[in-house]
There are 2 protein chains.
Amino acid sequence: MLSGKKRVLIENIQPQVDDGLYPAKRTVGERVDVTAAIFGDGHDHIRGEVLYKKQGAEAWMRVALTPTYNDEWHAAFYVLEKGNYVFTVQAWIDHFETWYDGFKKKALAKVDVTVELTEGVLLLKQLGKTNTLLLSVARKLEDKNQDTAINYVLSEDFARIVHENPLRENVTRSEKEYVIQVEHNKANFSAWYEFFPRSSSFEAGKHGTFKDCIRLLPRIAAMGFDVLYFPPIHPIGKVNRKGKNNNVNSQPGEPGSPWAIGSDEGGHKSILPALGTLEDFKHLVSEAKKVGIDIAMDIAFQCAPDHPYVKDHPDWFKQRPDGSIQYAENPPKKYQDIYPFNFESDDWKNLWEELKSVFIYWIDQGVKIFRIDNPHTKPIPFWQWVIAEVQKKHPDIIFLSEAFTRPKIMASLAKVGFTQSYTYFTWRVSKQELTEYMNDLVFGQSRNYFRPNFWPNTPDILPYHLQHQGENVFILRYALAATLSSNYGVYGPPYEFGENSPIEGKEEYYNSEKYEVRHYDWKRTNRLTDIMSLLNKARKENKALQSTWNLQFCPIENSQLIAYLKATDDLANIILVIVNLDPNNTQHGYVQLPKATLRLGEKINVKLHDLVTDEHFTWTQEWNYVHLNPHKMPFHLFKLEVHESNM
Amino acid sequence: MLSGKKRVLIENIQPQVDDGLYPAKRTVGERVDVTAAIFGDGHDHIRGEVLYKKQGAEAWMRVALTPTYNDEWHAAFYVLEKGNYVFTVQAWIDHFETWYDGFKKKALAKVDVTVELTEGVLLLKQLGKTNTLLLSVARKLEDKNQDTAINYVLSEDFARIVHENPLRENVTRSEKEYVIQVEHNKANFSAWYEFFPRSSSFEAGKHGTFKDCIRLLPRIAAMGFDVLYFPPIHPIGKVNRKGKNNNVNSQPGEPGSPWAIGSDEGGHKSILPALGTLEDFKHLVSEAKKVGIDIAMDIAFQCAPDHPYVKDHPDWFKQRPDGSIQYAENPPKKYQDIYPFNFESDDWKNLWEELKSVFIYWIDQGVKIFRIDNPHTKPIPFWQWVIAEVQKKHPDIIFLSEAFTRPKIMASLAKVGFTQSYTYFTWRVSKQELTEYMNDLVFGQSRNYFRPNFWPNTPDILPYHLQHQGENVFILRYALAATLSSNYGVYGPPYEFGENSPIEGKEEYYNSEKYEVRHYDWKRTNRLTDIMSLLNKARKENKALQSTWNLQFCPIENSQLIAYLKATDDLANIILVIVNLDPNNTQHGYVQLPKATLRLGEKINVKLHDLVTDEHFTWTQEWNYVHLNPHKMPFHLFKLEVHESNM
């Protein structure tokens with residue numbers, strides 16, 4: 001039988017994901033805002049607190065909850081170490097506070113409080129059992145002169161005593177403890193540059209190598225990127241190899257798609273000989289590390305027909321009645337260069353273990369980041385298992401989910417463990433689309449598990465709004481990606497150099513690098529290269545840009561202008577971004593400073609420094625005029641200084 | 001280790017309350033709409049089904065889920081018996097359906113399907129293990145003439161075979177089973193008439209008795225009510241008894257408030273002698289039953305200072321340091337005629353048992369409905385326990401929660417077991433307020449546990465909009481209560497007779513019947529009496545008005561006119577209500593018929609019969625002109641006949 005004395009109920013504790021089925025995610029140093037519905041019967045005062053600790057620790061830390069509105073309560077704490085935290089909520093009727101509140105009202109109404117003073121003494125003596133200082137407080141309530149006693153209870157001193165001495169009796173504690181998975185900062189803050197290592201040669205017509213990639217590192221580091229992401233580097237299938245522009249019949253000498261993995265040269269644990277050796281790769285990884293860059297490896301769990309797995313483990317693939325192996329298809333289309341794994345194989349346990357060993361193999365070579373190709377075409381329970389297995393020993397490994405698919409599936413992959421996820425940002429173009437999407441990401445339930453990584457383009461996607469367009473739209477989309485989301489990336493060379501030719505009618509690159517080796521003039525830089533570099537520099541130097549979760553849109557009276565503030569909790573770093581979404585015309589309008597967030601008083605004096613154009617402004621009004629000529633610069637990246645005198 | 005072959009995930013199963021912590025509520029015959037998010041990897045076809053049964057039964061019943069949008073699925077079933085049902089959801093990749101879909105696309109694209117036919121044979125043989133008829137189907141796919149085989153697979157016959165033969169392999173089943181508490185119909189459909197039995201005398205100046213109440217039964221039955229609700233009928237405290245208009249000093253002979261329960265004449269299991277004997281009460285209960293009326297008893301768990309409990313169980317009350325017992329207070333106000341129970345008493349178990357025995361005692365006298373006074377001032381866990389305890393033996397007992405308090409507390413009381421609940425309807429006046437509130441109640445999460453009972457007034461509440469107003473506003477508020485909610489009630493005599501005098505500035509009756517005996521001329525009826533009777537008659541004769549959950553608002557182009565449709569699932573009964581919220585002026589506007597709901601075609605021919613005014617109309621347009629003169633009748637209560645030819 002339950003204890004009948006517990007009169008408080010606790011509901012809807014946040015943050016949690018699917019009622020605790022999955023952990024909520026944070027990174028080191030992030031704030032955890034805990035909310036819960038807490039209520040009881042009658043008018044007695046309720047107090048509540050969050051208990052939290054590192055998972056496995058003995059002692060709980062406490063932080064008091066305070067009511068906000070409608071029986072919702074709030075508390076916040078910071079997670080300062082990597083690893084899992086647990087938290088729960090407890091609350092109780094506090095008879096000391098209830099008594100104190102009643103006493104004040106009665107005393108102020110000049111009602112006789114003789115008995116109430118005695119009640120106060122008894123409560124203080126009860127509290128005195130654990131805090132003996134309160135016994136002397138109790139004695140003051142027994143003062144012969146009742147007015148002295150009353151005035152003491154009405155004093156600020158006494159208010160502080162009540163505040164600091166909760167009387168925990170008949171405490172209701174949530175039956176559940178919720179887990180917060182705290183990861184290292186890079187899970188939340190990273191800038192990715194993608195290119196095909198085979199296109200890394202400085203000489204036209206030559207197949208690039210890892211050695212060429214090492215020569216490119218200073219260029220990428222100078223641009224400020226900290227993740228260098230390669231499409232698959234494994235041997236490419238020779239059977240049914242695709243040719244230029246996805247031609248089903250390749251010409252001799254064509255390199256094929258890196259995603260058609262495996263040949264007689266090896267499979268997922270091998271390297272395409274044309275790129276170099278394992279030693280070359282490890283050297284690249286360590287050279288990159290020296291300039292602050294992690295190599296991200298593309299993991300595509302699928303096989304070319306000549307992948308060693310096909311011969312060694314035919315039971316990992318679907319056999320057709322005619323003895324052939326089932327290739328990928330989207331009926332009536334056939335993709336005969338790709339064999340998908342059959343995850344319903346009777347030998348699924350060995351398949352899972354082998355795929356896990358692929359991660360472990362590359363981790364042992366120094367890889368710390370994996371970009372997972374099409375995870376939504378492999379079972380979600382597999383990802384849940386394999387990510388947990390890998391992170392058990394290697395908790396710092398980052399998994400990026402390349403799932404451009406339906407919302408619930410993208411969400412589920414993030415819930416079960418993916419560190420970061422590709423998003424719909426690629427297709428969110430208008431002010432309304434961007435605002436709604438960002439508010440969903442930042443303030444919706446998915447905030448607790450879905451870490452966005454924004455990409456304006458990928459080798460698979462040249463979105464319509466970039467097609468046949470000049471560099472202004474490339475710049476503004478890039479600025480949005482790099483400032484809205486603390487994780488972002490770009491399929492670099494074609495973006496930098498403004499490639500904008502699609503296969504007509506499709507969102508795909510014409511002459512896609514997926515099917516051929518390209519040559520880029522790596523010594524060249526241009527306006528976009530410079531802006532990318534400045535944006536990355538600003539991101540590194542401004543903590544406010546290192547989180548996606550501190551976003552606040554600012555009203556601006558023009559549907560082509562979008563404005564948002566990002567600030568650190570302590571307001572030590574404040575960034576205001578304003579982007580002109582119209583790549584062709586100057587747009588102007590008034591933007592509203594968020595006075596409450598910035599703690600601005602009546603006299604406003606805000607200094608603004610544009611970190612890209614190096615312009616300086618001073619704003620002395622709540623609403624301020626802005627105009628952006630996209631041919632000059634389609635966005636402002638303001639660092640704000642709010643003068644103390646206003647605060 | 002989990003089974004790696006299960007590739008489908010199931011999330012967010014509805015209906016459920018707090019992830020299954022509490023049952024969802026339905027009444028006999030109601031529809032249960034089950035929804036769930038169901039998805040897997042890749043493009044294989046998923047099938048899903050709801051499994052449901054009476055709790056404890058062996059065999060599950062199945063109903064197929066169908067996808068709606070965004071990976072949400074839906075199925076419905078009807079609960080036809082009282083008691084608890086359980087349901088769960090399962091889903092799987094259906095390789096038969098996946099094969100069939102691919103086959104069709106390939107065959108229509110004239111791709112060679114030789115291997116596909118063999119695959120189909122193998123799948124049919126697999127299904128043939130449980131349905132041998134399918135073996136002959138398989139043979140048709142082996143027809144020597146491949147065109148014959150292909151045409152057979154493309155036939156409607158074969159489509160039906162696929163539809164009717166799910167291939168359940170590697171089924172994912174939700175780990176949870178959710179409970180649906182199915183109660184008898186009165187939980188969902190009831191009309192309450194409240195009056196003070198002491199005011200039941202036909203003679204002015206006389207204290208009414210249960211015998212007088214029996215004389216009143218034909219009048220109440222004729223008006224169509226099926227619940228007669230009395231304020232407490234127990235002995236009234238003599239110590240600190242309140243006088244007229246809540247005067248703290250009563251005059252000798254004043255009757256006191258029925259909610260100050262207990263005196264030397266007895267407590268919660270006794271009857272105020274002036275009302276009659278226990279036998280009189282039981283006779284009243286059985287006479288009421290004969291005319292289809294249940295007596296609802298008011299349970300107020302609080303005591304007058306002279307209640308026998310105070311002497312017999314002083315430990316059930318809070319002792320003050322001076323030896324006195326703590327009276328109710330809202331500092332600095334004191335309510336010295338009421339002692340609340342101390343639910344934190346060390347003897348709480350005996351207190352709970354005693355309070356439970358109060359319910360059992362009155363159930364044994366024939367009472368089936370309890371209206372609980374201020375449940376929000378007693379611990380919510382107590383209600384959870386006592387309602388479950390009572391309903392264990394007496395599942396048909398109805399508990400109405402009189403909690404006019406904060407939303408989460410009202411919700412919680414409903415979750416833990418209250419059958420019906422008082423609502424904010426009493427204060428929802430404008431079209432926007434009513435629309436938002438109804439949409440919350442009907443389409444919000446609380447639909448699964450909170451059954452509203454709408455009251456335009458109570459002995460405690462004469463809302464501002466009824467004060468100093470004529471009968472038009474009484475009529476329109478009554479019509480709203482009786483048609484928006486299938487459970488509703490009225491504090492009858494003062495409403496019928498148009499009492500509209502408040503204590504100025506408060507929402508309370510002047511000369512409240514709570515503190516005095518009133519005399520009503522029970523032989524009198526008036527316009528309101530007639531309309532109340534007609535509304536109750538319409539409710540009884542029209543199934544569409546016997547549910548709160550079938551509400552659909554209809555657009556109407558006037559902010560003072562509100563229109564809503566209620567229809568049975570089979571459209572056998574359709575009611576359209578239109579209310580003029582302006583009691584003083586004729587309002588007119590166009591109302592839109594919901595074509596989709598009514599399955600109206602291009603040619604509209606709808607006959608309308610106003611069940612109150614007996615007017616007849618024919619509408620042949622989607623938008624139809626309506627005008628309502630409140631001095632004639634402030635609402636339409638239309639029964640609709642939709643001609644078959646349109647459907």
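Analysis parameters
Residues numbered from 1 in each chain as written. Chains lettered and ligands numbered in written order. Predicted model: local features only at pLDDT ≥ 70, side-chain atom pairs only at ≥ 80, totals over all residues. Heavy atoms only, no water. Pairing = 2+ DSSP bridges. Helix = DSSP H or I, 4+ residues; strand = E, 2+ residues; numbered from the N terminus. Contact = heavy atoms within 4.5 Å. Axes fitted to C-alpha atoms, helices over the stretch in contact; angles between N-to-C directions. Buried area = accessible area lost by both parts, 1.4 Å probe. Salt bridge = Lys/Arg side-chain N within 4 Å of Asp/Glu carboxyl O. Polar contact = N/O pair within 3.5 Å; in protein donor to acceptor, adjacent residues only side chain to side chain. Nonpolar A, V, L, I, M, F, W, Y, C, P; charged D, E, K, R; others polar. Buried < 20%, exposed > 50% of the residue type's maximum accessible area, 1.4 Å probe, protein only. Patch = residues over 30% accessible without salt bridge, like charges linked within 9 Å, V, L, I, M, F, W, Y side chains within 5 Å. Areas by Shrake-Rupley, 256 points an atom, 1.4 Å probe, with all protein chains shown as cover. Least-squares fit on C-alpha atoms with pLDDT ≥ 70 in both. Phe/Tyr/Trp six-rings, centres within 6.5 Å; stacked < 30°, edge-to-face > 60°. Lys NZ or Arg CZ within 6 Å of the ring centre and 35° of its normal.

The subject of this paragraph is the sheet that holds strand 10 (residues 190-194) of chain B. If you trace the 8 strands from one edge of the open sheet to the other, you get 20-19-18-17-12-11-10-21 (chain B), paired in parallel fashion. Only two strands of the sheet have a single partner each, and these edge strands are strand 20 (452-453) and strand 21 (487-491) of chain B.

Bringing the sheet that holds strand 10 (residues 190-194) of chain A into the picture now. Residue and element names in this part refer to chain A. Across the sheet, which stays open at both edges, the 8 strands sit in the order 20-19-18-17-12-11-10-21 with parallel pairing between neighbours. Each edge of the sheet is formed by a strand with only one pairing partner; in this case those strands are strand 20 (452-453) and strand 21 (487-491). As defined by bridge partners, strand 12 (residues 294-299) adjoins strand 17 (residues 369-373) across 4 bridges and the pair is classed as parallel. The partner of Asp 298 across the bridge, within strand 17, is Arg 371. Helix 9 (residues 348-364) contacts strand 12, strand 17 and strand 18 (398-402) of the sheet and is inclined by roughly 145° relative to strand 17.

If you look at the interface, chain B gives 62 residues, while chain A gives 62 residues. Carbon and sulfur atoms make up 58% of the area that chain B and chain A hide from each other, which totals about 5,400 Å². The partner of Glu 344 of chain B in a salt bridge is Arg 7 of chain A, with the nearest N and O atoms 2.8 Å apart. Inspection of the region where chain B meets chain A yields 23 residue pairs in polar contact (both at pLDDT 80 or more). Contributions of two or more residues to the side of chain B that touches chain A are made by strand 1 (8-14), strand 3 (31-40), helix 1 (95-108), helix 2 (114-128), helix 9 (348-364), helix 10 (380-393) and helix 11 (407-416) of chain B. When grouped by side-chain class, the residues that make up the side of chain B that touches chain A number 23 nonpolar, 14 polar and 25 charged.

Two side chains bearing opposite charge may form a pair once their charged atoms approach each other closely. This structure, assessed with the given rule, holds 100 salt bridges over all chains. With its nearest N and O atoms 2.6 Å apart, the salt bridge here joins Asp 294 of chain A to Lys 289 of chain A. Judged by relative accessible area, Lys 289 of chain A falls into the partly exposed class, the value being 43%. In this structure, Arg 527 of chain B and Glu 471 of chain B form a salt bridge, with 2.9 Å as the shortest nitrogen-oxygen distance. Placement of the pair is Arg 527 of chain B in helix 15 (residues 527-541) and Glu 471 of chain B in helix 13 (residues 471-484), with a sequence separation of 56 residues. A relative accessible area of 31% places Glu 471 of chain B in the partly exposed class. Overlapping salt bridges bring together Lys 106, Glu 116 and Glu 119 of chain A together with Arg 320 and Glu 329 of chain B as one network.

What follows deals with a nonpolar patch on the surface. A grouping of Tyr 590, Trp 623 and Tyr 625 of chain A is seen on the molecular surface, where their side chains present a nonpolar patch of about 310 Å² in accessible area. Summarising the element assignment, Trp 623 of chain A is placed in strand 28 (residues 623-628).

Residues and elements named next belong to chain B. With respect to burial, strand 4 (residues 46-54) is a largely interior element, 8 of its 9 residues being buried. Across 9 bridges, strand 4 lies against strand 7 (residues 83-93) in antiparallel orientation. Bridge pairing in strand 7 places Lys 53 opposite Val 86. Two strands pair when backbone bridges link them, and strand 4 and strand 5 (residues 61-67) are joined in this way by 5 bridges, in the antiparallel orientation. Looking at the pairing, Val 50 lines up with Val 63 of strand 5. The loop that links strand 4 with its antiparallel partner strand 5 comprises 6 residues; one of these, Gly 56, has a positive phi angle of about 95°.

It is worth spelling out the relation of the copies chain B and chain A at this point. At an RMSD of 0.1 Å, chain B and chain A line up after a rotation of 180° and a shift of 0.1 Å along the axis. Classification of the inter-copy transformation places it as that of a two-fold axis. Among all residues of chain B, the minimum C-alpha distance to the rotation axis is found for Asp 19 of chain B, at 3.8 Å.

Put simply, Pro 331 of chain A and Pro 332 of chain A share a cis peptide bond, and its omega is 0°. Looking at the secondary structure, you find Pro 332 of chain A in the loop between strand 14 (328-330) and strand 15 (333-335). That bond from Gln 14 of chain B to Pro 15 of chain B is cis: its omega, 0°, falls within 30 degrees of zero. Within the secondary structure layout, Pro 15 of chain B lies in the loop between strand 1 and strand 2 (24-27). We note that Arg 599 of chain A has phi near 50°; this positive angle belongs to a residue other than glycine. The topology assignment puts Arg 599 of chain A in the loop between helix 16 (595-598) and strand 26 (606-610).

Attention now moves to the pairing of strand 29 (residues 635-642) of chain A. Residue and element names in this part refer to chain A. Among the 8 residues of strand 29, 6 are classified as buried, and the element is accordingly described as predominantly covered. When strand 24 (residues 574-580) meets strand 29, the two strands line up antiparallel, connected through 5 bridges. Note that in strand 29 the partner of Ile 578 across the bridge is His 636.

This next bit is on the packing of aromatic side chains. The description of an aromatic ring pair rests on the distance of the ring centres and on the angle between the ring planes. Counted under the stated rule, the structure contains 114 aromatic pairs over all chains. Ring geometry for Tyr 152 of chain A and Phe 158 of chain A: centres 5.5 Å apart, planes at 75°, overall edge-to-face. Each member of the pair, Tyr 152 of chain A as well as Phe 158 of chain A, carries the same accessibility label: buried. Measuring from ring centre to ring centre gives 5.4 Å for Phe 343 of chain B and Phe 382 of chain B, while their planes differ by 45°; the resulting arrangement is tilted. With a gap of 39 residues between them, Phe 343 of chain B in the loop between strand 16 (339-340) and helix 9 and Phe 382 of chain B in helix 10 connect regions that are remote in the sequence. A residue is classified by how much of its surface remains accessible, and Phe 343 of chain B, at 5% relative accessible area, is buried. Its relative accessible area of 0% is what places Phe 382 of chain B among the buried residues. Just above the ring of Phe 202 of chain A sits the side chain of Arg 215 of chain A; from NZ or CZ to the centre is 3.9 Å. Lying across the ring of Trp 549 of chain A, Arg 447 of chain A places its NZ or CZ 4.1 Å from the centre.

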